[in-house]
Amino acid sequence: MSLDKNILVIENGVSSKAYWGDIWRHRELLLFLAWRDILVRYKQTVIGVSWVLFRPLLTMAVLTVVFGRIANLSSGDIPYSLVVLTGLLPWFFFSNGTSESSNSLVTNANLLSKVYFPRMIVPASTILVSAVDFVVSIFVLILLMMWYGILPTWHVLLLPVLGVWVGLLALGTGLLFSALTVSYRDFRHIVPFMLMLGIYTSPVGYSTSLIPEKWAPLYYLNPIAGIVDAFRWAILGQVPSSYGIISALIITTAALVVGFSYFRSAESRFADEI
Amino acid sequence: MKSKPLSIEVDDLSKSYVITHNARRQPRTLRELLTSPFKRPVIEAEMAEESKKETFWALKDVSFNIGEGERIAIIGGNGAGKSTLLKILSRITEPTKGKVTIRGRVSSLLEVGTGFHPELTGRENIFLNGSILGMRRSEVAAKFDQIVDFSGVEKFIDTPVKHYSSGMYVRLAFSVSAWLDPDILIVDEVLSVGDQAFQRKCAERMKELTGAGRTVLFVSHSMAAVKSMCEKALYLQHGEVRSFGSVEEAASKYLQSIDSSSGDVWHKGKFDPLVDHVTQYGFDDSFVQCISAYACDEHNTVRSSFSIGERVRLVLKYRISQESPSNIVPNFHVSDEFGSPVFVSYPEEFSPNEIGLYTVQCNIYPFLLNAGKYSVMLVMSSFYGGLEYRHHFSYEAALRIEITEEGSVDKRRHGWAGIIPGAVRPRLEWHYSQELASETET
């Protein structure tokens, strides 16, 4: 009777009650998929993993020149490139995570139609990949801060928490869009487009202090705005807009709830529709 | 028999798909989804008529129970619902109705090498694939050497699999699957991979795997594989269970249905090269042409079905239209139902060489062929010594005959009622002799 604990009932509409247990049992797969994506990305490249460093560095340089030199925006007494990089860290994490995870179910269609595992593992693993990039880019930030001789305050200890926050936001939107992409491939075009606009509507290349007071409620509907504020507070000590933080927290929670519940409701159809 | 606990219970399982005959109506893009409510009702009605939605039942009220440690084959033609059933049992897709209860850890092998990535090395893919199949990292690590050894690609284990030959690729892929260790194993037709030697290795490993009290569900089109591996078979047709019982019973029902649905393709007692289209080698030979061929009994009645105790006569008519510089030899290649050669037969003398019509016949004596289905390839060859030869004509599977066995035609069965394996059942000479006690001592 040792098998009793292993009883599995398959019925229509009754998704397994042990869903979380299933995810836990497949935790290694989560890591393996992330590991695969990281390995594959740098196969047959000459400079390999250094690409993780080049992307934020080059983007930082361009944004610094465009916003800091040409548009001549001010960043107070902090070097402009540091302001840009602190904005880029969460932005890259969010945008890479969202775009990769939105596509993830479709690109892994062969897995979905041949093997069972909680489908959530696929978009979640891509967030993990972006998280690794995020951690690596933090080293770039550390180097840059040492270069400018700027010491962070104790706030910097909250950086891991903020990282998890961005990850959760990307997971929420990623779950929603990945499930939508299975049925409607339009989202393969919509998501990159939204993210392209997002880099301008988010305070990546500039500081939120430039946003006029009356536009703030509208502006902070973009959760990245609040999150970037939080990053600049943790790293550079700039005072954030509490309105922005609260708004971003609410929107993150909403994204997680909506993404998760839509994903769960659509999950059983994936293999048939993909 | 009641004592065996059930490991899989399937009750009234059904799965339907909606198929739209006019694909335009299904809102597959967001634009269609968003604009569909605004379409004018008249157009809507017109289009609705054009596009009929049809519910297609891939599985219909399928019920069966499988006891612990039983090995079950699932057989049936294409579209019978075999894969759908496997997909439901392995939780890839949900049933529309009905219920399945499974006791034990399930592994399903619907494909070998699921998730293999071409850029990753053999070593990396073993771990990835193992994890996808539900193995733990430590489990894969422990079995790693066995897996590599089994696959026979040790030398290339750190080469990206995109550089592998397709044979190496499948061998590695199968090898990972071969070391799964579940309570219930669900296998789709994945055994037919690699070369002959590797296939035999796979089949042996499958038997080992399925031997240890494991419940196995196995889909295959090869009746030989089914018979060698499973005790019971579930025969599905159009999504419904036609038969669930002994392998012989289900297999014969399945083979019968193939014969009846496709107008009895197997039996062909007569062959006319101008009418029947079969695979042929050698065209428009100027020396010899085939006129016709047939299989008949001792009274020259053309037949395609013979009793095992009967003499089968194969007759070939041909024309020599030009004297050939080399000797011409007719020969018959007899193969089993699945195309594996059983024997090739040549006459002792070669054919007369003068221009004219000729008939050559060959008698297959009783009890040479086992009960079963056989095809005959007709060949006319010239041999030039060593490995050089020429086919004047050759028609593959030109004749298809069946050898049947009723009751106790074969005295040598000694009452055994089951199947006697093998392509041939020759009556070999046997001798008894008694050993004398004094002789055994020295």
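Residues numbered from 1 in each chain as written. Chains lettered and ligands numbered in written order. Predicted model: local features only at pLDDT ≥ 70, side-chain atom pairs only at ≥ 80, totals over all residues. Heavy atoms only, no water.

### Things to note about the interface of chain A and chain B
Accessible area lost on assembly of the parts is the figure often given for the size of an interface. Quick reminder of the rule: By the convention used here, residues are in contact when the closest approach between their heavy atoms is within 4.5 Å. By buried area we mean how much accessible surface two parts lose on assembly, using a 1.4 Å probe and totalling the loss over both. Think of a salt bridge as a Lys or Arg side-chain nitrogen and an Asp or Glu carboxyl oxygen that are within 4 Å of each other. Secondary structure follows DSSP: runs of H or I at least 4 residues long count as helices, runs of E at least 2 residues long count as strands, and numbering of each begins at the N terminus. Nonpolar residues are Ala, Val, Leu, Ile, Met, Phe, Trp, Tyr, Cys and Pro. Charged residues are Asp, Glu, Lys and Arg, and all others, Gly as well, are polar. A pair of strands is treated as paired once DSSP finds two or more bridges between them.
The partner chain B presents 45 residues to the 42 residues of chain A that form the contact. Buried area between chain A and chain B, summed over both chains or domains, comes out near 4,000 Å², and the portion from carbon and sulfur atoms is 58%. Across the salt bridge formed by Arg 91 of chain B and Asp 22 of chain A, the nearest N and O atoms sit 3.1 Å from each other. Of all the elements, helix 2 (residues 27-41) of chain A adds the most residues to the side of chain A that touches chain B, at 9 residues. A breakdown of the residues in the side of chain A that touches chain B according to their chemical character gives 21 nonpolar, 9 polar and 12 charged. Pairing geometry for strand 1 (residues 7-11) of chain A and strand 4 (residues 97-103) of chain B, over 5 bridges, is antiparallel. Looking across to strand 4 of chain B, one finds that Leu 8 of chain A is bridged to Ile 102 of chain B.

### Looking at the pattern of salt bridges
Residues and elements named next belong to chain B. Which entries qualify depends on this criterion: For each residue, the accessible area found with a 1.4 Å probe, counting protein chains only, is set against the maximum for its type, and the residue is called buried under 20%, exposed over 50%, and partly exposed in between.
A complete count under the given rule lists 24 salt bridges over all chains for this structure. A salt bridge links Lys 232 to Glu 70; the nearest nitrogen and oxygen atoms lie 3.7 Å apart. Residue Lys 232 is found in strand 8 (residues 232-237), and its partner Glu 70 is found in the loop between strand 2 (53-67) and strand 3 (71-75); the two are separated by 162 residues along the sequence. Of the residues examined, Lys 232 reaches a relative accessible area of 24% and is grouped as partly exposed.

### Points about the environment of Ser 16 of chain B
Residues and elements named next belong to chain B. Following the sequence through the fold, Ser 16 ends up in strand 1 (residues 6-20). For the pair Ser 16 and Leu 59, spaced 43 residues apart in sequence, the C-alpha to C-alpha distance is 7.0 Å. Ignoring sequence-local partners within four residues, the contact set of Ser 16 consists of Thr 55, Phe 56, Trp 57 and Thr 96.

### Some points on the domain arrangement of chain B
Filter applied, for reference: Bear in mind that the domain bounds are from an automatic or database domain assignment.
Domain boundaries in chain B define domain 1 (58-261) and domain 2 (270-404). When each unit is reduced to the centre of its C-alpha atoms, the spacing between domain 1 of chain B and domain 2 of chain B is 40 Å.

### Observations regarding the layout of surface pockets
Residue and element names in this part refer to chain B. Convention followed: Buried and open spaces are told apart on a 1 Å grid over the protein atoms alone, a cavity being a set of points where a 1.4 Å probe fits but cannot get out and a pocket being an open set with protein on both sides within 12 Å along at least five of seven lines. Residues with an atom within 4 Å of a point are the lining residues. Grid points are joined across faces, edges and corners, and a volume is the space filled by probe spheres set on the points.
In this model, the largest pocket occupies a volume close to 1,700 Å³. Grouping the constituent residues of the lining of the largest pocket by class yields 19 nonpolar, 14 polar and 13 charged. When we break the lining of the largest pocket down by domain, the ones giving at least three residues each are domain 1 (58-261) and domain 2 (270-404).

### Notes on empty space enclosed by the protein
Residue and element names in this part refer to chain B. Applying the stated criterion across every chain, the model contains 1 cavity of 30 Å³ or more. Each pocket or cavity is described by its volume, and for the largest cavity that value is around 40 Å³. Along its surface, the largest cavity is lined by Ser 307, Ile 308, Glu 310, Val 312, Ile 364, Tyr 365, Pro 366, Phe 367, Leu 368, Leu 369 and Ile 403.

### Notes on the pairing of strand 8 of chain B
All names here are of chain B. Note that strand 3 and strand 8 share 4 bridges and pair parallel. Bridging from a neighbouring strand, Ile 75 pairs with Tyr 235 of strand 8. Here strand 8 pairs with strand 9 (residues 240-246) via 6 bridges, running antiparallel. Residue pairing across strands places Ala 233 opposite Gly 245, the latter belonging to strand 9.

### Quick word on helix 7 (residues 159-183) of chain A
To keep things clear, this is the line we draw: The span expected for a helix works out to 1.5 Å for each residue beyond the first.
Its 25 residues place the ends of helix 7 of chain A 37 Å apart at the C-alpha level, agreeing with the 36 Å of an ideal helix rising 1.5 Å per residue. Burial analysis of helix 7 of chain A places 19 of its 25 residues in the buried class, the great majority of the element.

### Some details on the packing of aromatic side chains
Selection rule: Side-chain rings of Phe, Tyr and Trp (the six-membered ring for Trp) are treated as a pair once their centres are within 6.5 Å; stacked means planes under 30 degrees apart, edge-to-face means over 60, and tilted covers the remaining angles. Placement of a positive charge over a ring is assigned whenever Lys NZ or Arg CZ falls within 6 Å of the ring centre and within 35 degrees of the normal to the ring plane.
If you walk through the whole model with that rule in mind, you get 22 aromatic pairs over all chains. On the numbers, 5.6 Å between centres and 15 degrees between planes, the contact of Phe 127 of chain B with Phe 144 of chain B is stacked. You can see Phe 127 of chain B sitting in helix 4 (residues 122-132) and its partner Phe 144 of chain B sitting in helix 5 (residues 137-151), a full 17 residues away along the chain. We classify Phe 127 of chain B as buried; its relative accessible area is 15%. Of the residues examined, Phe 144 of chain B reaches a relative accessible area of 10% and is grouped as buried. Grouped by ring-pair contacts, the aromatic residues Tyr 19, Trp 20 and Phe 260 of chain A constitute a single cluster. Its end group placed over the ring of Tyr 19 of chain A, Arg 264 of chain A keeps NZ or CZ at 3.5 Å from the ring centre.

### Focus on the sheet that holds strand 8 of chain B
Residue and element names in this part refer to chain B. The condition that has to hold: Note on definitions: angles span 0 to 180 degrees between N-to-C directions of axes, and those axes are lines fitted to C-alpha atoms, for helices only across the stretch in contact.
One open sheet holds the 6 strands; their spatial order is 5-6-7-3-8-9, and the pairing between them is mixed. The strands lining the two open edges of the sheet, one partner per strand, are strand 5 (106-109) and strand 9. The sheet shows a mean angle of 15 degrees between the axes of neighbouring strands, taken without regard to direction. In the packing of helix 3 (residues 82-89) onto the sheet, the strands contacted are strand 3, strand 6 (184-187), strand 7 (215-219) and strand 8, and the crossing angle to strand 3 comes to about 135 degrees.

### Observations concerning the confidence of the model for chain B
Here is the rule we go by: Per residue, pLDDT measures the predictor's confidence, with a range of 0 to 100.
Confidence in the prediction of chain B, expressed as mean pLDDT, is 83, and 88% of residues score 70 or more. Both confidence scores are given for the complex: pTM 0.72, ipTM 0.87.

### Structural notes on the sheet that holds strand 1 of chain B
The sheet built from 4 strands is open, its strands ordered 1(A)-4(B)-1(B)-2(B) with antiparallel pairing. The sheet is open, and its two borders are formed by strand 1 of chain A together with strand 2 of chain B, each paired with just one other strand. Between one strand axis and the next, the sheet turns by 20 degrees as a mean value, whatever way the strands run. With 5 bridges connecting them, strand 1 of chain B and strand 4 of chain B associate as antiparallel partners. The residue of strand 4 of chain B that forms the bridge with Asp 11 of chain B is Lys 99 of chain B. Against the sheet, helix 3 of chain B engages strand 1 of chain A together with strand 1, strand 2 and strand 4 of chain B, with an angle of about 120 degrees to strand 1 of chain B.

### Overview of the packing of helix 4 (residues 80-107) of chain A against helix 7 of chain A
Residue and element names in this part refer to chain A. Rule in force here: Convention used here: angles under 35 degrees read as roughly parallel, angles over 145 as roughly antiparallel, angles from 65 to 115 as roughly perpendicular, and any remaining angle as oblique. Helix crossings get a hand from a simple test, with the near helix turned counterclockwise from the far one by less than a right angle marking a left-handed crossing and a clockwise turn marking a right-handed one.
Contact pair helix 4 / helix 7: the axes reach a minimum separation of 7 Å and the direction vectors enclose 30 degrees. The angle between helix 4 and helix 7 falls in the class roughly parallel. Relative to helix 7, the crossing made by helix 4 is right-handed. Seen from helix 4, the contacting residues are Pro 90, Phe 93, Phe 94, Thr 98, Ser 101, Ser 102, Ser 104, Leu 105 and Val 106; seen from helix 7, they are Gly 163, Val 166, Gly 167, Leu 169, Ala 170, Thr 173, Gly 174, Phe 177, Ser 178, Ala 179, Thr 181 and Val 182. In terms of residue class, the contact of helix 4 with helix 7 is built from 11 nonpolar, 10 polar and no charged.

### Notes on the state of the cysteines
Residue and element names in this part refer to chain B. Applied cut-off: For the purposes of this analysis, a disulfide is any pair of cysteine sulfur atoms at a distance within 2.5 Å.
In total, this model carries 0 disulfides over all chains according to the counting rule given. Here Cys 290 stays unpaired: no disulfide links it, and the sulfur of Cys 362, its closest cysteine neighbor, is 15 Å away. For Cys 290, a relative accessible area of 10% puts it in the buried group. Not part of a disulfide, Cys 296 finds its nearest cysteine sulfur in Cys 362, a span of 11 Å.

### Thoughts on unusual backbone geometry
Residue and element names in this part refer to chain B. A positive phi is found at Asp 12, a non-glycine position, where the angle reads about 45 degrees. Relative to the helices and strands, Asp 12 is located in strand 1. Given a relative accessible area of 44%, Asp 12 falls into the partly exposed group. Despite not being glycine, Asn 300 has its phi angle at roughly 60 degrees, a positive value.

### Description of the pairing of strand 19 (residues 389-404) of chain B
Residues and elements named next belong to chain B. Pairing of strand 11 (residues 280-281) with strand 19 involves 2 bridges; the strand directions are antiparallel. Directly across from Gln 280, in strand 19, lies its bridge partner Tyr 395. Relative to strand 19, strand 13 (residues 305-307) runs parallel, the two sharing 3 bridges. Its bridge partner being in strand 19, Ser 305 is matched across the sheet by Glu 402. Sheet topology places strand 18 (residues 372-383) next to strand 19; 11 bridges connect them, and they run antiparallel. Directly across from Gly 372, in strand 19, lies its bridge partner Ile 403. In sequence, strand 18 turns back onto strand 19 through a hairpin of 5 residues, with Gly 385 there showing a positive phi of about 85 degrees.

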